[in-house]
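# Per-entry structural report
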Amino acid sequence: MPAGEPRRVGYLYVVPALAVYGVFLLFPLLHSAWISLFEWDGLTLGTWAGLDNYLTLFAEDGLRSAFGHALVLILFFAVLPVILGLVLASALHRSRVRGLAFFRTVVFLPQVVAMVVVAVAWQQILAPDGPLNAALRAVGLDALAHNWLGEESTALIAVGLVGTWVQTGLTVVLFLAGIGRISGELYEAARLDGAGVFREFRSVTLPALRPDIAVALTLTVIASLRTFDLVYVMTPLGGPGESTTVPAYEIYYRAFQAGQVGSAAAIGVTLTALVFALSAVVLRVAGGRR
């Protein structure tokens with residue numbers, strides 16, 4: 001067998017996956033980039049616009065706000081779930097809770113339920129006459145009752161907290177699996193050295209979970225930037241006002257409602273670039289060297 005042939009044969013196994021990737025992901029992305037250079041309503045003949053659609057991203061207050069809201073949602077969809085996941089996973093591992101498999105299933109359930117179902121359920125819970133406000137009034141906290149999704153000051157936070165609830169289950173399961181791979185001898189050595197709970201977590205658990213944290217942050221950051229279902233169902237039209245508009249919603253609105261397909265494509269390409277950039281930063285900072 002000639003030298004190098006096994007490598008060439010190995011590439012043949014990759015060709016089907018590359019073909020699917022090229023047809024269903026790479027080509028649509030490149031085609032969207034091409035469309036973003038035109039003023040086009042999706043029906044008539046488009047006109048060349050060059051980079052005007054991209055310059056609009058920085059000129060329009062609404063678009064800047066949409067990307068700003070997406071960055072705020074990263075706090076709720078990524079940062080808070082990772083922190084809560086670390087705390088819960090460490091506590092569950094240390095206390096050896098009975099029925100851990102059942103608990104994992106329960107906390108992971110929001111990940112397998114359709115996001116539209118989650119949005120409808122929480123829309124009812126957060127309604128002015130919903131269970132949350134009823135519970136607050138029942139315990140004498142009437143002042144805390146709000147129209148959570150109908151006020152500009154609380155709508156984005158409410159959507160973000162629902163995202164926290166959804167993503168926390170994913171991080172808990174990932175970190176429990178990661179902690180399960182840590183050798184028990186490391187914990188025993190730390191305890192023999194007099195390490196307490198927090199020092200044990202900082203010196204043993206956290207360094208060992210660094211790759212898992214990178215994966216969790218990457219998945220949750222991507223989820224936060226592509227959020228559409230929650231905003232579309234819980235706060236129709238990105239309201240009240242434009243308090244909950246996000247790039248994914250702007251893409252939908254401009255492409256299918258306003259007839260600005262070129263502008264929508266530009267937002268999509270920019271959002272894709274932002275996802276790649278933030279994912280690279282997360283993997284570089286949180287992942288470290290494997």
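Keep in mind it's a predicted model, so treat the numbers as computed, not measured. (Residues numbered from 1 in each chain as written. Predicted model: local features only at pLDDT ≥ 70, side-chain atom pairs only at ≥ 80, totals over all residues. Heavy atoms only, no water.)

Looking now at the overall build of the chain. From N to C terminus, the chain includes 13 helices and two strands. C-alpha extents for the chain along the principal axes are approximately 80 × 75 × 30 Å. Across the 290 residues of the chain, 38% fall into the buried class. Nonlocal contacts in the chain, meaning residues at least 24 apart in sequence, comprise 69% of its contacts between residues at least 6 apart. Approximately 16700 Å² of the chain is accessible, and the part contributed by carbon and sulfur atoms is 69%. The centroid of the 18 positive side-chain charges in the chain is displaced by 17 Å from the centroid of its 18 negative side-chain charges. (Helix = DSSP H or I, 4+ residues; strand = E, 2+ residues; numbered from the N terminus. Buried < 20%, exposed > 50% of the residue type's maximum accessible area, 1.4 Å probe, protein only. Contact = heavy atoms within 4.5 Å. Areas by Shrake-Rupley, 256 points an atom, 1.4 Å probe, with all protein chains shown as cover. Lys, Arg positive; Asp, Glu negative; His and termini not counted. Charge placed at Lys NZ, Arg CZ, Asp CG, Glu CD.)

Take the packing of helix 3 (residues 61-95) against helix 12 (residues 247-256) next. In helix packing, the relevant descriptors are the interaxial angle and the interaxial distance, both defined with respect to the helix axes. Contact geometry for helix 3 and helix 12: axes closest at 8 Å, N-to-C directions at 140°. Between helix 3 and helix 12, the angle falls in the class oblique. For the pair formed by helix 3 and helix 12, the contact residues are Leu 63, Ala 66, Phe 67 and Ala 70 on the first element and Pro 247, Glu 250 and Arg 254 on the second. Taken together, the residues of the contact of helix 3 with helix 12 sort by class into five nonpolar, no polar and two charged. (Axes fitted to C-alpha atoms, helices over the stretch in contact; angles between N-to-C directions. Parallel < 35°, antiparallel > 145°, perpendicular 65-115°, else oblique. Nonpolar A, V, L, I, M, F, W, Y, C, P; charged D, E, K, R; others polar.)

Turning to the nonpolar core, a few remarks are in order. Judged by nonpolar contacts, the single largest core of 37 residues is most densely connected at Val 82, Phe 175, Ile 213, Leu 217 and Leu 225. The biggest single contributor to this core is helix 3, with nine residues. Ignoring sequence-local partners within four residues, the contact set of Leu 225 consists of Ala 70, Ile 74, Leu 271, Leu 274, Val 275 and Leu 278. Among the nonpolar cores identified, the runner-up in size contains 20 residues, and Phe 76, Leu 126, Val 233 and Tyr 249 belong to it. (Core = buried A, V, L, I, M, F, W, Y, C linked by side-chain atoms within 4.5 Å.)

Moving on, we get to the confidence of the model for the chain. Residue-level pLDDT values for the chain average 88, and 96% of them are 70 or greater. Model confidence for the chain, summarised as mean pLDDT per element, is weakest for helix 4 (residues 100-112) at 81 and strongest for strand 1 (residues 38-39) at 94. (pLDDT = per-residue confidence, 0-100.)

Here the focus is the packing of aromatic side chains. Enumeration over the complete set of coordinates arrives at 10 aromatic pairs. The interplanar angle of 50° and the centroid separation of 6.2 Å between the aromatic rings of Tyr 249 and Tyr 252 together place this pair among those described as tilted. Separated by three residues within a single helix, Tyr 249 and Tyr 252 lie in helix 12, roughly one turn from each other. (Phe/Tyr/Trp six-rings, centres within 6.5 Å; stacked < 30°, edge-to-face > 60°.)

The next thing to look at is the packing of helix 8 (residues 184-192) against helix 9 (residues 197-208). Two numbers describe how helix 8 lies on helix 9: the axes approach to 10 Å, and their chain directions differ by 150°. Taken together, the axes of helix 8 and helix 9 lie roughly antiparallel to each other. Of the two elements, helix 8 crosses helix 9, and the hand of that crossing is right-handed. Between helix 8 and helix 9, the contacting residues are Leu 186, Tyr 187, Ala 190 and Arg 191 on the first element and Glu 200, Val 204 and Thr 205 on the second. Grouping the constituent residues of the contact of helix 8 with helix 9 by class yields four nonpolar, one polar and two charged. (Left-handed = near helix turned anticlockwise from the far one by under 90°.)

One non-glycine residue, Leu 237, adopts positive backbone phi at about 65°. Note on placement: Leu 237 falls in the loop between helix 11 (229-234) and helix 12. For Leu 237, a relative accessible area of 64% corresponds to the exposed category.

Right, let's talk about the pattern of salt bridges for a bit. Following the criterion strictly, the structure yields five salt bridges and no others. Salt-bridge contacts for Arg 254 lead to Glu 60; the nearest nitrogen and oxygen are separated by 2.7 Å. With Arg 254 in helix 12 and Glu 60 in the loop between helix 2 (52-59) and helix 3, the pair connects residues that are 194 residues apart, well separated along the chain. When the shortest N-O distance is used, the salt bridge between Arg 254 and Glu 250 registers 3.1 Å. Here Arg 254 and its partner Glu 250 are both found in helix 12, four residues apart, which amounts to about one turn of the helix. Each member of the salt-bridge network shares a partner with another, and the members are Glu 60, Glu 250 and Arg 254. (Salt bridge = Lys/Arg side-chain N within 4 Å of Asp/Glu carboxyl O.)

Next up on the list: a nonpolar patch on the surface. Together, Val 9, Tyr 11, Leu 12, Tyr 13, Val 14, Val 15 and Leu 18 make up a nonpolar patch on the protein surface, roughly 740 Å² of accessible area in all. Summarising the element assignment, Tyr 13 is placed in helix 1 (residues 5-35). Using a relative accessible area of 68% as the deciding quantity, one classes Tyr 13 as exposed. (Patch = residues over 30% accessible without salt bridge, like charges linked within 9 Å, V, L, I, M, F, W, Y side chains within 5 Å.)

Quick look at helix 4 now. An α-helical turn contains 3.6 residues, so a residue and the one three or four places further along point in the same direction. Counted at 1.5 Å a residue, the expected span for helix 4 with its 13 residues is 18 Å, and the 18 Å between its end C-alpha atoms agrees. The axis of helix 4 is deflected most strongly, by about 30°, at Val 106, and proline Pro 110 appears within four residues downstream. (Expected span 1.5 Å × (residues − 1). Bend = angle between axes of the 7 residues up to and from the residue.)

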